[in-house]
Amino acid sequence: MGVLDLERMTWPEVRAELDGGRDTVVVPFGAVEQHGPHLPLGTDAMFGDEIGRAAAERLNAFLAPTIPVGCSRHHLAFAGTMSVEEETFCRIVGDIVKALAGHGFRRIVLLPTHGGNFQPLGEALAQLGPLEGVEVIAFKDVGVLASATLGVGAEMGVSAAEGGIHAGEWETSMMLALRPELVRMERAEPGYVGDLASGMQRFFSEGVHVLADNGVFGDPRRASAEAGRKYIERLVEVVVRTVEESQSDEGEPA
Ligand SMILES: [Zn+2]
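So, how was this worked out
- Residues numbered from 1 in each chain as written.
- Predicted model: local features only at pLDDT ≥ 70, side-chain atom pairs only at ≥ 80, totals over all residues.
- Helix = DSSP H or I, 4+ residues; strand = E, 2+ residues; numbered from the N terminus.
- Rg over C-alpha atoms; globule rule 2.2 N^0.38 Å.
- Buried ≥ 20, exposed ≤ 12 C-beta atoms within 10 Å, placed from the backbone.
- Contact = placed C-beta atoms within 7 Å.
- Expected span 1.5 Å × (residues − 1).
- Arc of directions from axis to C-beta.
- pLDDT = per-residue confidence, 0-100.
- Core = buried A, V, L, I, M, F, W, Y, C linked by C-beta atoms within 7 Å.

## Points about the overall build of the protein chain
For step 1, the next point in the chain: If you tally the helices and strands in the protein chain, you get nine helices and five strands.
For step 2, the next point in the chain: Along its sequence from the N terminus, the protein chain presents helices and strands in the succession β-α-β-α-β-α-β-α-β-α-α-α-α-α.
For step 3, the next point in the chain: A globule of 254 residues ought to have a C-alpha radius of gyration of about 18 Å, and the protein chain, at 18 Å, matches this closely.
For step 4, the next point in the chain: Considered along the principal axes of its C-alpha atoms, the protein chain spans approximately 50 × 35 × 35 Å.
For step 5, the next point in the chain: Per-residue burial for the protein chain yields a buried fraction of 46% across its 254 residues.
For step 6, the next point in the chain: The long-range share in the protein chain, meaning contacts at least 24 apart out of those at least 6 apart in sequence, stands at 75%.

Below, the structure is given as structure tokens:
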């Protein structure tokens, strides 16, 4: 048991596992977008790889490859950011869910690890409608995962402003835990550290560049690998628990 890496398997292997009753698959949705002067553009996609894998491992599920590009219009002012329109994203989600459902996956877990993907994911599912015999468990509410990171931060004395929502303390800590060789800590500097709620609204509607010209929402300077491991552990726990609980009540988890 443990994770089944879809990308590395052959079709007869996938068929055999499905026929044997392993019918849950985790599909992470990441992003390729600026993460300040100190984190790589693939940060959110790498979170998808790692959090998706850890969750699939505990759920004895298949892990699909992370869909690397997401809805990142609010970061396009920065070099290298890639983005798809929400309409495109909805079609990608719908097509992938239909393909997996067609093979006999009965539980499809859609896991965004990038803030801009949550709302379009909800729209994609509304457009898709119910699929007979298939339970789609989608993390459509960014608040569920955000409150997990906020909670861990608070336990360690990290303020909400420092944690931020983008390239701040918690994202930087997670990257220090997962891909330390890609973090330029010597370039870590604070960005927007003002009011969280109003900042978030402007972040998504006007773009991060109007808040901070370095692209950072938060303050990454106190980040550490140790803190990162705590954030990741809590996030994986929330994902696993949500999937397990949705099994019993068949409800919409998030
Ligand atoms: Zn990010």
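Moving on from the model shown.
## Remarks on helix H3 (residues 86–103)
For step 1, the next point in the chain: Between the first and last C-alpha of H3 there are 26 Å, a value that for 18 residues agrees with the 26 Å anticipated at 1.5 Å per step.
For step 2, the next point in the chain: Turning to H3, its buried residues number three or more, namely Phe-89, Cys-90, Val-93, Val-97 and Leu-100. For H3, the buried positions fall inside an angular range of 110 degrees around the axis, keeping them on one side. Pointing more than 90 degrees away from the buried face of H3 are the exposed residues Asp-95, Ala-99, Gly-102 and His-103.
For step 3, the next point in the chain: Gly-104 sits one or two residues past H3 and shows a positive phi near 110 degrees.

## Here we look at the confidence of the model for the protein chain
For step 1, the next point in the chain: Per-residue confidence for the protein chain gives a mean pLDDT of 94, with 97% of residues at or over 70.
For step 2, the next point in the chain: Long-range and interchain partners of residues 250–254, a stretch whose pLDDT sits below 50, account for eleven contacts in this model, where long-range means more than four residues apart.

## Remarks on the nonpolar core
For step 1, the next point in the chain: Ranked by internal contacts, the top residues of the largest apolar core, which has 68 residues, are Val-25, Val-26, Val-27, Ile-108, Val-109, Leu-110 and Phe-217.
For step 2, the next point in the chain: Beyond its immediate chain neighbours, meaning those up to four positions away, Phe-217 contacts Gly-164, Ile-165, His-166, Ala-167, Gly-168, Gly-191, Tyr-192, Gly-199, Phe-203, Val-208, Leu-211 and Ala-212.

## Observations concerning unusual backbone geometry
For step 1, the next point in the chain: Phi is positive for Asn-60, close to 50 degrees, though the residue is something other than glycine.
For step 2, the next point in the chain: Mapped onto the secondary structure, Asn-60 falls in the loop between helix H2 (43–59) and strand S3 (62–63).
For step 3, the next point in the chain: A tally of 12 C-beta atoms within 10 Å means that Asn-60 is categorised as exposed.
For step 4, the next point in the chain: A positive phi is found at Ala-167, a non-glycine position, where the angle reads about 65 degrees.
For step 5, the next point in the chain: By secondary structure assignment, the location of Ala-167 is in the loop between helix H6 (160–163) and helix H7 (169–178).

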